[in-house]
Amino acid sequence: MAAIVNLTIDDRQIRAAQGEVLLWVALDNDIYIPHLCAYREEAHPAASCRLCFVEVEGRPTPVPACTLPVTEGLLVKTRSPQVDGLVAAGFELLMSNHRLDCKNCSANGNCELQRIAKARKLPLKPKNLSVLDKYLPVDDSAATIVYDPNKCVLCGQCVRACRHSGNGILGFARRGYSRVVTTFGNVPLGESNCTNCGECVKVCPVGALAEKQ
Ligand code: SF4
Ligand code: SF4
Ligand code: FES
């Protein structure tokens, strides 16, 4: 069994198992840190969304909380001008590549982007960057699932869930701005081996994957 360590997050004394990941320790203690791509069971997180930055005493620059194991005496601040600047920049970049249509979105009111915006007082609509809508076709070919790639934030949660469900239909294709979640062979969901189990819909933090109405 792992030793118990004492750490401080935002002036709160917290006890946790040594080596536990800071992001989950914070969230389990009701301290919110924005996050999209982290996954509890993942030993080596991709840390791709770049939203979970925190300030750690002794470190010259903010670090992603999803990559930091807790140790005795760790001193963490979830907010600082540097952290807030990084999160704001990361969020704006993300939203510049997102089709914002909350009114007509299945995730409205239960969306991680809305949550981050509210928690950090950030606008959903980018202020400084132009929105680059890719006008990708919505895939409604599956029996019970609709996939709108224009709303996907590339967090990878659906890819993992699909793999864990034993289906392994979903994966990433292409790089950079063209990166997209798609099926093996890039065929519509309805033409893939998708079983409509819905595990991907359950974990999608935004409205990119939804149950058909
Ligand atoms: S995914 Fe979230 S932010 Fe985007 S349109 Fe839907 S509710 Fe709005
Ligand atoms: S479809 Fe949803 S769960 Fe999958 S990568 Fe995009 S945002 Fe994440
Ligand atoms: S949750 Fe840490 S980088 Fe995405």
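Keep in mind the model is a prediction, meaning the values are calculated, not measured.

Participant: So what about the site of ligand 2? Which residues, and what values?
Facilitator: Neighbouring ligand 2 are 14 residues, the closest being C152, C155, G156, C158 and C204. Looking at side-chain class alone, the shell around ligand 2 contains 12 nonpolar, two polar and no charged residues.

Participant: Describe the packing of aromatic side chains, naming the residues involved and giving the relevant values.
Facilitator: In the structure shown here, the tally under the stated rule is zero aromatic pairs. Over the ring of Y177 we find K134, and its NZ or CZ is 4.9 Å from the ring centre. Looking at R179, its charged tip hangs above the ring of F172, at a distance of 4.2 Å from the centre.

Participant: I'd like to hear about the domain arrangement of the protein, residue by residue, with values.
Facilitator: Assigned domains within the protein: domain 1 (1-133) and domain 2 (135-213). Put simply, the middle of domain 1 and the middle of domain 2, counted by C-alpha atoms, are 24 Å apart. When domain 1 packs against domain 2, the two sides together hide about 1600 Å² of surface, and 53% of this comes from carbon and sulfur. Three residues, Y39, R99 and D133, lead the burial of domain 1 against domain 2; their summed loss comes to 33% of the area buried on that side. Counting the contacts that link domain 1 with domain 2 gives one salt bridge. Our count for the contact surface shared by domain 1 and domain 2 stands at 10 residue pairs in polar contact (both at pLDDT 80 or more). The residue makeup of the side of domain 1 that touches domain 2, split by class, is 10 nonpolar, five polar and four charged.

Participant: Could you give an account of unusual backbone geometry, naming the residues involved and the relevant values?
Facilitator: Phi is positive for D30, close to 60 degrees, though the residue is something other than glycine. Residue L154 is not a glycine yet carries a positive backbone phi of 60 degrees. With respect to the secondary-structure elements, L154 resides in the loop between β6 (145-147) and α4 (157-164).

Participant: Explain the nonpolar core to me, using residue names and the numbers behind them.
Facilitator: Of all hydrophobic cores here, the largest spans 38 residues; its most connected members are L36, L51, F91, L113, L170 and L209. Those elements that place two or more of their residues in this core are α2 (81-95), α3 (112-119), β6, α4, β8 (180-183) and α5 (199-203). Each of two domains, domain 1 (1-133) and domain 2 (135-213), supplies a minimum of three residues to this core. Excluding anything up to four places from it in sequence, F91 contacts L51, L113, I116, A117, L122, P123 and L124.

Participant: Any details on the pairing of strand β2 (residues 12-17)? Residues and values, ideally.
Facilitator: By the bridge criterion, six bridges tie strand β1 (residues 4-9) to β2 in an arrangement that is antiparallel. In the strand pairing of β2, I9 is matched with R12. Linkage of β1 to β2, two consecutive antiparallel strands, is achieved through a turn of two residues, within which D10 is found at a positive phi near 50 degrees.

Participant: Quick one: what's the story with the sheet that holds strand β5 (residues 75-77), residue by residue and with numbers?
Facilitator: Taken in spatial order, the five strands line up as β2-β1-β5-β3-β4 in an open sheet, and their pairing is mixed. Of all the strands in the sheet, the pair left with one neighbour each is β2 and β4 (63-64). Bridge count between strand β3 (residues 53-56) and β4: two bridges; the pairing is antiparallel. Within β4, the position partnered with V54 by the bridge is V63.

Participant: Quick rundown of the environment of K151? Include the residues and the values.
Facilitator: When you line up the elements, K151 lands in the loop between β6 and α4. Once the C-alpha coordinates of K151 and L75 are considered, the two residues, 76 residues apart in sequence, prove to be 36 Å apart. Those residues in contact with K151 that lie beyond four places of it in its chain are H98, R99, C105, V206, G207 and A208.

Participant: Outline the packing of α2 against α3, listing residues and values.
Facilitator: With their axes 12 Å apart at the nearest point, α2 and α3 run at an angle of 145 degrees to one another. Crossing of α2 over α3 shows left-handed handedness. The residues of α3 that touch α2, namely those facing F91, L94 and M95, are L113, I116 and A117. Grouping the amino acids of the contact of α2 with α3 by side-chain chemistry returns six nonpolar, no polar and no charged.

Participant: Give a description of the site of ligand 1 that names residues and reports values.
Facilitator: As a structural note, the neighbourhood of ligand 1 is formed by 13 residues, with H98, D101, C102, C105 and C111 the closest of them. Classifying every residue of the shell around ligand 1 by side-chain character gives seven nonpolar, four polar and two charged.

The rules we used
Residues numbered from 1 in each chain as written. Chains lettered and ligands numbered in written order. Predicted model: local features only at pLDDT ≥ 70, side-chain atom pairs only at ≥ 80, totals over all residues. Heavy atoms only, no water. Near = heavy atom within 4 Å. Nonpolar A, V, L, I, M, F, W, Y, C, P; charged D, E, K, R; others polar. Phe/Tyr/Trp six-rings, centres within 6.5 Å; stacked < 30°, edge-to-face > 60°. Lys NZ or Arg CZ within 6 Å of the ring centre and 35° of its normal. Domains from an automatic or database assignment. Buried area = accessible area lost by both parts, 1.4 Å probe. Salt bridge = Lys/Arg side-chain N within 4 Å of Asp/Glu carboxyl O. Polar contact = N/O pair within 3.5 Å; in protein donor to acceptor, adjacent residues only side chain to side chain. Helix = DSSP H or I, 4+ residues; strand = E, 2+ residues; numbered from the N terminus. Core = buried A, V, L, I, M, F, W, Y, C linked by side-chain atoms within 4.5 Å. Buried < 20%, exposed > 50% of the residue type's maximum accessible area, 1.4 Å probe, protein only. Contact = heavy atoms within 4.5 Å. Pairing = 2+ DSSP bridges. Axes fitted to C-alpha atoms, helices over the stretch in contact; angles between N-to-C directions. Left-handed = near helix turned anticlockwise from the far one by under 90°.

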